Amino acid sequence: MRLYITGGGTGGHVTPGLAIARYFEKRQPETVIRFAGSARGIENKLVPREGYPLDAIEIIGLSRSMSPKGILHNIKAAKLAVSAVAKAKKLLKAARPDCVIGCGGYASFAVVKAAQELGIPTVLLEVNALPGKVTQMLAKKADRVLVCFEQAKKLLGGDEKIILTGAPVRGEILAASREKARAKFGLGENDQLVVSFWGSMGAKYMNEHMAGTLALECKNGVSYHHVHATGAAAREWLPKMAREQGADFENHPNIQYTEYIYDMADRMAAADLIVCRAGAATLGELCMLGRPALLVPSPFVAENHQEKNARALESAGGCRVLLEKDATPQKLYDEIGDMLSDPLRLHAMGENATVLAAHDASEKIYREILRAIENHGK
Ligand SMILES: CC(=O)N[C@H]1[C@@H](OP(=O)(O)OP(=O)(O)OC[C@H]2O[C@@H](n3ccc(=O)[nH]c3=O)[C@H](O)[C@@H]2O)O[C@H](CO)[C@@H](O)[C@@H]1O
């Protein structure tokens, strides 16, 4: 079996692909897997780390602006899309996959489009409640469209090749043990750990606020541990900004920052509270691990879909939602303190989150990919 998995730009389009790859290898160890992504996306860090070959596709997203600059950008994007499809065809002819799996992002558009033109079976995975543009454009010719929300199924027309599987969660998340993870980080029974990050890429505005929150924590000498992932863009300026506001990290070794949390499964499993955005992959992980969260949905995503994701978890009692406009440094600090002050309530919140976990998603996805290959062209 040969699979070609494509997706990228942000982690939310890469980690589900990696989860599918790992699960396929578990079920069919001889599977040969390649990835394709955009030339500059986060997949260039994440995919090689997992030991898979990654082909780069030169492609850029469309601008929503109708200014002369926006129009010029879109002309360039359209030209690149044409050459990206041609390049993807060459890559596919060399890789000869049995199926191409598209997990979203512009690079996946080029590869899935090329596969459809070459007559190779294609499966799309749409992790969001509101299907993205790439899914909308490619769904018609795909052999299967796998979705994670009922709402997405309806919005895509609801025909029988659109299948509700749930989001695949990385194997490390499924295997994580809270006890082992807490021992790994040297946490005692009464130690509390807060883990925060703003999606796979960081977020400028929320990172500015988190700098203030970290400064408040340092100044007030909080008793809990806090690890914040800045994302690549804020790696340099966030700690500087926090220091300017009085964060003396050296004297408060409990308060730490890092560019990216690579051992997220252990960090999440060990955490008493997770503070983050409401991207689909992240929410799937929170539910699978049953961890309580304070969610600050990004308001800058298509049709505000993160708030919809977050409200679904909130109505199950699995998180607290704080809108970005209200998430000042002081408010974040107060909410974190308030949530940690009631461990029983936090525990109940984590338990509530597990109700939304899609435990059999990977197996369902595996079977649908096999069916797509088997029934292709019939
Ligand atoms: C701003 C934006 O467009 N966000 C979208 C993007 O989010 P984003 O790329 O942030 O995606 P998700 O929240 O879905 O996934 C992030 C993934 O990165 C991991 N992670 C993150 C930070 C870190 O330091 N370490 C780490 O391992 C998380 O555990 C998770 O597995 O794709 C998602 C899936 O299409 C969408 O729902 C989001 O709305």
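About the thresholds
Residues numbered from 1 in each chain as written. Predicted model: local features only at pLDDT ≥ 70, side-chain atom pairs only at ≥ 80, totals over all residues. Helix = DSSP H or I, 4+ residues; strand = E, 2+ residues; numbered from the N terminus. Buried ≥ 20, exposed ≤ 12 C-beta atoms within 10 Å, placed from the backbone. Contact = placed C-beta atoms within 7 Å. Pairing = 2+ DSSP bridges. Axes fitted to C-alpha atoms, helices over the stretch in contact; angles between N-to-C directions. pLDDT = per-residue confidence, 0-100. Near = placed C-beta within 6 Å. Nonpolar A, V, L, I, M, F, W, Y, C, P; charged D, E, K, R; others polar. Domains from an automatic or database assignment. Core = buried A, V, L, I, M, F, W, Y, C linked by C-beta atoms within 7 Å. Parallel < 35°, antiparallel > 145°, perpendicular 65-115°, else oblique. Left-handed = near helix turned anticlockwise from the far one by under 90°.

**Topic: the overall build of the protein**
Part 1 of the reasoning: Assigned secondary structure in the protein consists of 16 helices and 13 strands.
Part 2 of the reasoning: With the principal axes as the frame, the protein shows a C-alpha extent of 65 × 50 × 35 Å.
Part 3 of the reasoning: A buried classification covers 48% of the 378 residues belonging to the protein.
Part 4 of the reasoning: Long-range pairs, those at least 24 residues apart, make up 70% of the contacts in the protein with a sequence separation of at least 6.

**With respect to the sheet that holds strand β6 (residues 144-147)**
Part 1 of the reasoning: Read from one edge to the other, the open sheet built from seven strands follows the order β3-β2-β1-β4-β5-β6-β7, with strand pairing classed as parallel. On the outer flanks of this sheet lie β3 (54-57) and β7 (162-164), each paired with one strand and no other. Ignoring strand direction, the axes of neighbouring strands in this sheet form an average angle of 20°.
Part 2 of the reasoning: As paired elements, strand β1 (residues 2-6) and strand β4 (residues 99-102) share four bridges and run parallel to each other. Of the residues in β4, the one forming a bridge with L3 is C99.
Part 3 of the reasoning: Helix-sheet contacts for helix α1 (residues 15-27) involve β1, β2 (32-38), β4 and β5 (122-126), and the interaxial angle to β1 is about 165°.
Part 4 of the reasoning: Strand contacts of helix α4 (residues 106-118): β1, β2, β3, β4 and β5, with the helix running at about 150° to β4, the strand carrying the most contacts.

**Points about the confidence of the model for the protein**
Part 1 of the reasoning: Across the protein, the average pLDDT comes to 94, with 100% of residues at or above 70.
Part 2 of the reasoning: Both scores are available for the predicted complex, with the pTM at 0.86 and the ipTM at 0.95.

**What about the site of the ligand?**
Part 1 of the reasoning: Taken together, 24 residues form the shell around the ligand, and within it T10, G12, G199, G279 and A281 come nearest.
Part 2 of the reasoning: Here the shell around the ligand gets four residues from one element, more than from any other, and that element is helix α12 (residues 280-289).
Part 3 of the reasoning: Partitioned by chemical class, the residues of the shell around the ligand number nine nonpolar, 13 polar and two charged.
Part 4 of the reasoning: When residues are assigned to domains, the shell around the ligand turns out to be shared by domain 1 (2-169 + 359-375) and domain 2 (172-354), each giving three or more.

**What to know about the domain arrangement of the protein**
Part 1 of the reasoning: As assigned here, the protein comprises domain 1 (2-169 + 359-375) and domain 2 (172-354).
Part 2 of the reasoning: If you look at the interface, domain 1 gives 14 residues, while domain 2 gives 16 residues.
Part 3 of the reasoning: Of the residues in the side of domain 1 that touches domain 2, the class split is eight nonpolar, six polar and no charged.

**Remarks on helix α13 (residues 305-315)**
Part 1 of the reasoning: For α13, the set of buried residues is H305, Q306, E307, N309, A310 and L313.
Part 2 of the reasoning: Elements that come into contact with the buried residues of α13 comprise α12, β12 (293-295), β13 (319-321) and α15 (343-354).
Part 3 of the reasoning: Positive phi shows up at G317, right after α13, with a value of about 80°.

**Topic: the nonpolar core**
Part 1 of the reasoning: In this structure, I5, A88, I101, A110, V111 and I274 are the most contacted members of the largest nonpolar core, which totals 112 residues.
Part 2 of the reasoning: Ranked by residue count, the leading element in this core is α4, at eight residues.
Part 3 of the reasoning: Looking at which domains feed residues into this core, each of domain 1 (2-169 + 359-375) and domain 2 (172-354) gives three or more.
Part 4 of the reasoning: Residues within four places of A88 in sequence aside, it is in contact with A36, I57, A110, V111 and A114.

**Some remarks on the packing of helix α9 (residues 204-220) against helix α10 (residues 237-244)**
Part 1 of the reasoning: Packing of α9 against α10 brings their axes to within 8 Å, and their N-to-C directions diverge by 45°. In terms of orientation, α9 and α10 fall into the oblique class. For the crossing formed where α9 meets α10, the hand is right-handed. The residues of α10 that touch α9, namely those facing N207, E208, A211, L214 and A215, are L238, M241 and A242.
Part 2 of the reasoning: Considering only residue class, the contact of α9 with α10 consists of six nonpolar, one polar and one charged.

**A word on the sheet that holds β12**
Part 1 of the reasoning: Read across the open sheet, the six strands follow the order β10-β9-β8-β11-β12-β13; overall the sheet is parallel. The open sheet terminates on both sides in strands that have one partner only, identified here as β10 (255-258) and β13. Going from strand to strand, the sheet's axes swing by 15° on average, the running direction of each strand aside.
Part 2 of the reasoning: Contacts from α13 reach β12 and β13 within the one sheet, and its direction differs from that of β13 by about 135°.

**As for unusual backbone geometry**
Negative phi is the rule for most residues except glycine; trans is the rule for most peptide bonds.
Part 1 of the reasoning: Not every positive phi belongs to a glycine, and R96 is a case in point at roughly 45°.
Part 2 of the reasoning: Residue placement: R96 occurs in the loop between α3 (68-95) and β4.
Part 3 of the reasoning: Residue classification places R96 among the exposed positions, given that 10 C-beta atoms sit within 10 Å.

**Concerning the environment of Y366**
Part 1 of the reasoning: Looking at the element boundaries, Y366 is found in helix α16 (residues 361-375).
Part 2 of the reasoning: Once the C-alpha coordinates of Y366 and Q192 are considered, the two residues, 174 residues apart in sequence, prove to be 38 Å apart.
Part 3 of the reasoning: Apart from the residues lying within four places of it in its own chain, the contact partners of Y366 are Y23, F24 and R27.

**A word on the packing of α9 against helix α14 (residues 329-340)**
Part 1 of the reasoning: At a minimum axis distance of 8 Å, the contact between α9 and α14 shows a crossing angle of 55°. In terms of axis orientation, α9 runs oblique to α14. Considering only the axes of α9 and α14, their crossing is right-handed. On α14, the residues that touch H209, M210, G212, T213, L216 and E217 of α9 are P329, Q330, L332 and Y333.
Part 2 of the reasoning: Here the residues of the contact of α9 with α14 sort into five nonpolar, four polar and one charged.

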